[in-house]
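Residues per chain are reported as follows:
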Amino acid sequence: MDYLETLNPSQRAAVTAPFGPVLVLAGPGSGKTRVLTYRIAYLIGVLGMRPFHIMAVTFTNKAAREMESRIAAVLGNQARGVTVGTFHAVCARILRREAEHLPFDANFAIADTDDQRRLVKSVLQELNLDPKRHSPNAMHAAISRLKNEGYFPEDFEPTSVGEERVRQIFDAYQKRLLASNLLDFDDLLLWTRYLLLHVPAARERYARRFQHLLVDEFQDTNMVQYDLVRLLGGHHRNIFVVGDADQSIYRWRGADYRNVSRFEKDFPDAQVVMLEQNYRSTQTILDAAMAVLAPLQGKHPKRLYTDRGRGEKIVVQRTYDDRQEARYVVETIATMIAGGQARPGDFAIMYRINAQSRVLEEAFLRAGLPYRLVGAQRFYGRREVKDVIAYLRLAHNPADEPSLMRVVGVPPRGIGTKTLATLRTVAQRAGLAPGTLLLHMAAAPADYQSAFGARAFKALLPFAQQLAQWYEASLSTPPVALMDMILQAVGYKAYITDDTEEGEDRWNNVEELRRLAARYEDEGLGAFLEEVALVSDQDTLKDDEDSPILLTLHAAKGLEFRYVFIVGLVEGVLPHSRSWEDHEEMAEERRLFYVGITRAKDRLFLTYPEERTWYGYSEPTEPSRFLDEIPHELLTGNDLERRKEAVAWAPARWEPEPAAEKVVQRFKAGDRIRHPRWGEGMIIGSRIRDGAEVVDVVFESVGLKRLDAALARLEKV
DNA sequence: GCATCGGATTTTTTT
DNA sequence: AATCCGATGC
């Protein structure tokens, strides 16, 4: 097999390991994805395993797709049928198939974060608890933590009054989920574990089916996921896990990197393979990474080495505020692209919290440079998108109460809190979910007339009839047709469009969702809804576009870029203030920074502002403690100068190009111009702001844009 | 039942 | 700054 020739000895040892438990400890950039894919190819191509018997669990759907195509590249058609997916996706598939053994229907929907919060809130209301004393967010976090540790409400034994309260809310929350035929993210894992524990026939069937298990990012599995691996693979023990405890960054989500050592203990005969050589970064970058990690290292500090050479120094750049910081990033990128040394897609800009993306986006927009923003929230978090999805979910699964509640007043149809309260009571008395009751009502209106006031009934009945019609249609109609039918019936377009640009945007988003739905002509509505529920942030990254990427440090895991900027390196942001008091959390911030650093192949830029905007106020900052830990000889940039000289009166902070004397207004309203990307357009306004000429241009191709005339290469025509 | 306004509250990270 | 929530008035 020629692909084996391309591996180093450790990689080959992992790929060709005999059956049985294997633990691969893989440092960043050590080729673990290759090892995983080749292992699968080896199992099939050399050892003759059937793809049907192999399951590989990845961290994102994107990684899963990539793995599938890479296996196919080695084996071709022979590889078809391997089960690849995230824990959540694989579990959802299993649960739908086995729903007869479980207290929900096969067409269950997946409750997103929003639904979960709504449910917790509504439970708090039901129990007459003051939301001031019991914050829904905190309650939900507590519930999720318990679930990640493997508890259903009935398994959890409270040891204090506070815990008893949590148990009570947990219990009601869980009942509400089931009444709506909903599972939350944690449930997908938890119910699968339940199935494997309590339905021996199912356990045997799946353990026999999946004779080889492979798990990526093992350090970020939680206890329930660990149990799943053991339940499925405990018998045949063909478990191949890959991980790096130093890249564990999801503790807050229940992940426990100690699963790595737990694995060694549970499978003492496991073959352990260390992948140490780094093929990604320069030695300078690796040295910085090691320095940041050093305080966490015990007796055997990790050694990262490469034969790529030292490479260039790391730039540490200090700016006046976050706007200047963003501008520094954009200008550096623009210069490097203009110099021909880099392509736009070579750059990534990473930050600790999503809110930081805003200033960056503005800077890119101003410069007229396209960018990509990674994050599912960006699209799926939009109100109009959620509305339409809620309609589809309701049609698919009328019992889905959060979706019903979301949709019932969109657009307003005379059904308010009072009517809904009655509906809920009537439904409860009939032992039905409110949505299900509406179906009954549509079928036999007369039976329900007396239960509601005349006015409420008059508002409710048409909606019930519509719902019945959609439900009927959902059974046979492809997603797009159903969507059109619903949008049409409720007059959604008119509802969200006014004559503003935002209205236009909203409708565009709906059309975008429609295009996504169109891909599910064959697979059907259920598949579409599941996909939508389980998209990860990374899944939203389009790799066919050549432009810089903005993403959180968390979302950067598993990716690599030639040039990496990590911005906002100040105390309170990285490390985040929430971690200040907790040793473990501080360690995780450190690992997060480490993950970010090790994404860089060629060059690393670390920046921080002396002032940041917070809740609309400006605040002075303190540089991140992590910066001080990187040895000076690895660094360059204005911050280093300052640290060396410590001369207070010679501020060396970065300032934008002193274009001051040059800033003459080149354009005026009415000028026709050409932009390299957007083609021809007309200037409708121009002014000088912050020493830059800002122009508003209407392009024939993309409409109105606001640009920095000095950066966007505009030509007069 | 619903639109509007003002005050409170929010931001960690995500399947 | 932006969103959410509750009170108010129609």
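Definitions and cut-offs
- Residues numbered from 1 in each chain as written.
- Chains lettered and ligands numbered in written order.
- Predicted model: local features only at pLDDT ≥ 70, side-chain atom pairs only at ≥ 80, totals over all residues.
- Heavy atoms only, no water.
- Helix = DSSP H or I, 4+ residues; strand = E, 2+ residues; numbered from the N terminus.
- Rg over C-alpha atoms; globule rule 2.2 N^0.38 Å.
- Buried < 20%, exposed > 50% of the residue type's maximum accessible area, 1.4 Å probe, protein only.
- Areas by Shrake-Rupley, 256 points an atom, 1.4 Å probe, with all protein chains shown as cover.
- Lys, Arg positive; Asp, Glu negative; His and termini not counted.
- Charge placed at Lys NZ, Arg CZ, Asp CG, Glu CD.
- Pairing = 2+ DSSP bridges.
- Near = heavy atom within 4 Å.
- Polar contact = N/O pair within 3.5 Å; in protein donor to acceptor, adjacent residues only side chain to side chain.
- Nonpolar A, V, L, I, M, F, W, Y, C, P; charged D, E, K, R; others polar.
- Axes fitted to C-alpha atoms, helices over the stretch in contact; angles between N-to-C directions.
- Phe/Tyr/Trp six-rings, centres within 6.5 Å; stacked < 30°, edge-to-face > 60°.
- Lys NZ or Arg CZ within 6 Å of the ring centre and 35° of its normal.
- Patch = residues over 30% accessible without salt bridge, like charges linked within 9 Å, V, L, I, M, F, W, Y side chains within 5 Å.
- Salt bridge = Lys/Arg side-chain N within 4 Å of Asp/Glu carboxyl O.
- Domains from an automatic or database assignment.
- Contact = heavy atoms within 4.5 Å.
- Buried area = accessible area lost by both parts, 1.4 Å probe.

**Quick look at the overall build of chain A**
Alright, step 1. Per the secondary structure count, chain A includes 28 helices and 21 strands.
Alright, step 2. The globule rule puts the C-alpha radius of gyration for 717 residues at 27 Å, and the 28 Å found for chain A is close to it.
Alright, step 3. Taken along its principal axes, the extent of the C-alpha atoms in chain A is 85 × 75 × 55 Å.
Alright, step 4. Evaluated residue by residue, chain A yields a buried proportion of 55% over its 717 residues.
Alright, step 5. Only carbon and sulfur atoms are counted for the fraction: they give 50% of the accessible area of chain A, which is about 32,700 Å².
Alright, step 6. Side-chain charges of chain A comprise 94 positive and 100 negative groups, with the mean position of each set lying 1 Å from the other.

**Remarks on the pairing of strand 10 (residues 347-351)**
Alright, step 1. In terms of burial, strand 10 is largely enclosed, as five of its five residues are buried.
Alright, step 2. The side-chain alternation of strand 10 yields two buried faces, one formed by Phe347, Ile349 and Tyr351 and the other by Ala348 and Met350.
Alright, step 3. Inspection of the sheet shows strand 10 paired to strand 13 (residues 561-566) by four bridges, in the parallel sense. Pairing of Ile349 across the sheet is with Phe565, part of strand 13.
Alright, step 4. In terms of strand pairing, strand 10 meets strand 12 (residues 549-552) through four bridges, oriented parallel. Following the sheet pairing, Ile349 is matched in strand 12 by Leu550.

**Describing the protein's contact with DNA strand B**
Alright, step 1. Around DNA strand B sit 29 residues, and of these Arg352, Asn354, Gly414, Thr419 and Asp537 come closest.
Alright, step 2. The sugar-phosphate backbone supplies 57% of the atoms of DNA strand B found within 4 Å of the protein.
Alright, step 3. Here Thr552 contributes a side-chain N or O atom positioned 3.1 Å from a phosphate oxygen of DNA strand B.
Alright, step 4. Between DNA strand B and the protein, one listed contact pairs a base oxygen with a side-chain N or O atom of His554 at 3.5 Å.
Alright, step 5. Per element, the largest residue contribution to the surface near DNA strand B is three residues, and it comes from helix 19 (residues 417-430).
Alright, step 6. A breakdown of the residues in the surface near DNA strand B according to their chemical character gives nine nonpolar, twelve polar and eight charged.

**Examining the sheet that holds strand 7 (residues 239-243)**
Sheet strands line up and pair through hydrogen bonds in the backbone, either parallel or antiparallel.
Alright, step 1. Pairing within the open sheet is parallel, and its six strands lie in the order 3-2-6-7-1-8. For this open sheet the edge positions go to strand 3 (83-86) and strand 8 (271-275), each flanked by a neighbour on one side alone. Going across the sheet, the axis of each strand differs from the next one's by a mean of 15°, ignoring polarity.
Alright, step 2. Relative to strand 7, strand 6 (residues 212-215) runs parallel, the two being bridged by three bridges.

**Topic: the packing of aromatic side chains**
Alright, step 1. A full pass over the atoms with the stated rule returns 24 aromatic pairs.
Alright, step 2. Seen from their ring centres, Phe463 and Trp470 are 6.5 Å apart, and the 75° between their planes marks the pair as edge-to-face.
Alright, step 3. Exposure remark for Trp470: the relative accessible area of 1% places this residue in the buried category.
Alright, step 4. Members of the aromatic cluster, each reached through a chain of ring pairs, are Phe104, Phe108, Phe152, Trp191 and Tyr194.
Alright, step 5. Sitting over the face of the ring of Phe52, Arg209 holds its NZ or CZ atom 3.9 Å from the ring centroid.
Alright, step 6. Residue placement shows Arg253 over the ring face of Tyr250; its charged tip is 4.3 Å from the ring centre.

**Here we look at a negative patch on the surface**
Alright, step 1. Taken together, the side chains of Glu501, Glu502, Glu504, Asp505 and Glu511 make up a negatively charged region of the molecular surface.
Alright, step 2. Counting through the fold element by element, Glu504 comes out in helix 24 (residues 501-518).
Alright, step 3. Residue Glu504 is classed as exposed on the basis of its relative accessible area, which comes to 52%.

**Description of the domain arrangement of chain A**
Alright, step 1. One can read the domain layout of chain A as domain 1 (2-95 + 190-275), domain 2 (112-179), domain 3 (283-376 + 543-649), domain 4 (380-533) and domain 5 (672-716).
Alright, step 2. The distance between the C-alpha centroids of domain 1 and domain 3 comes to 32 Å.
Alright, step 3. Listed by partner, the interface residues are 17 residues for domain 1 and 19 residues for domain 3.
Alright, step 4. When the two sides are added together, the surface that domain 1 and domain 3 hide from each other amounts to roughly 1,500 Å², 50% of it contributed by carbon and sulfur.
Alright, step 5. When the buried area of domain 1 at its contact with domain 3 is split by residue, Asp246, Ile249 and Arg251 rank highest and sum to 44% of it.
Alright, step 6. Applying the counting criterion to the domain 1 and domain 3 interface returns six salt bridges.
Alright, step 7. Of the charged contacts, one joins Arg251 and Asp582 as a salt bridge, the two residues approaching to 4.0 Å between their closest N and O atoms.
Alright, step 8. Classifying every residue of the side of domain 1 that touches domain 3 gives seven nonpolar, four polar and six charged.

**A closer look at the environment of Lys132**
Alright, step 1. Positionally, Lys132 belongs in the loop between helix 6 (113-126) and helix 7 (136-148).
Alright, step 2. Its relative accessible area of 76% is what places Lys132 among the exposed residues.
Alright, step 3. For the pair Lys132 and Val664, spaced 532 residues apart in the sequence, the C-alpha separation amounts to 56 Å.

**Quick notes on unusual backbone geometry**
Alright, step 1. Residues Val410 and Pro411 are joined by a peptide bond in cis, for which omega reads -5°.
Alright, step 2. In this structure, Pro411 sits in the loop between helix 18 (401-407) and helix 19.
Alright, step 3. For the bond from Leu574 to Pro575, the omega torsion is 0°, close enough to zero to count as cis.
Alright, step 4. Turning to its location among the elements, Pro575 is positioned in the loop between strand 13 and helix 26 (583-597).
Alright, step 5. Phi at Asn181 takes a positive value of approximately 55°, unusual for a residue other than glycine.
Alright, step 6. You can see Asn181 is positioned in the loop between helix 8 (161-179) and strand 5 (182-184).
Alright, step 7. A residue is classified by how much of its surface remains accessible, and Asn181, at 5% relative accessible area, is buried.

**Re the pattern of salt bridges**
Alright, step 1. Following the criterion strictly, the structure yields 55 salt bridges and no others.
Alright, step 2. Two residues, Glu530 and Arg96, come together in a salt bridge whose shortest N-O distance is 2.6 Å. Remark: Arg96 occurs in helix 5 (residues 87-97) and Glu530 occurs in helix 25 (residues 525-534); sequence separation between them is 434 residues.
Alright, step 3. Exposure remark for Arg96: the relative accessible area of 22% places this residue in the partly exposed category.
Alright, step 4. With a shortest N-O distance of 3.5 Å, Glu204 and Arg208 are connected by a salt bridge. Of the two residues, Glu204 and Arg208 both sit in helix 10 (residues 200-209), four residues apart, roughly one turn of that helix.
Alright, step 5. Residue Arg208 is classed as exposed on the basis of its relative accessible area, which comes to 56%.
Alright, step 6. It is possible to trace a salt-bridge network through shared partners that takes in Lys32, Asp216, Glu217, Asp220 and Lys557.

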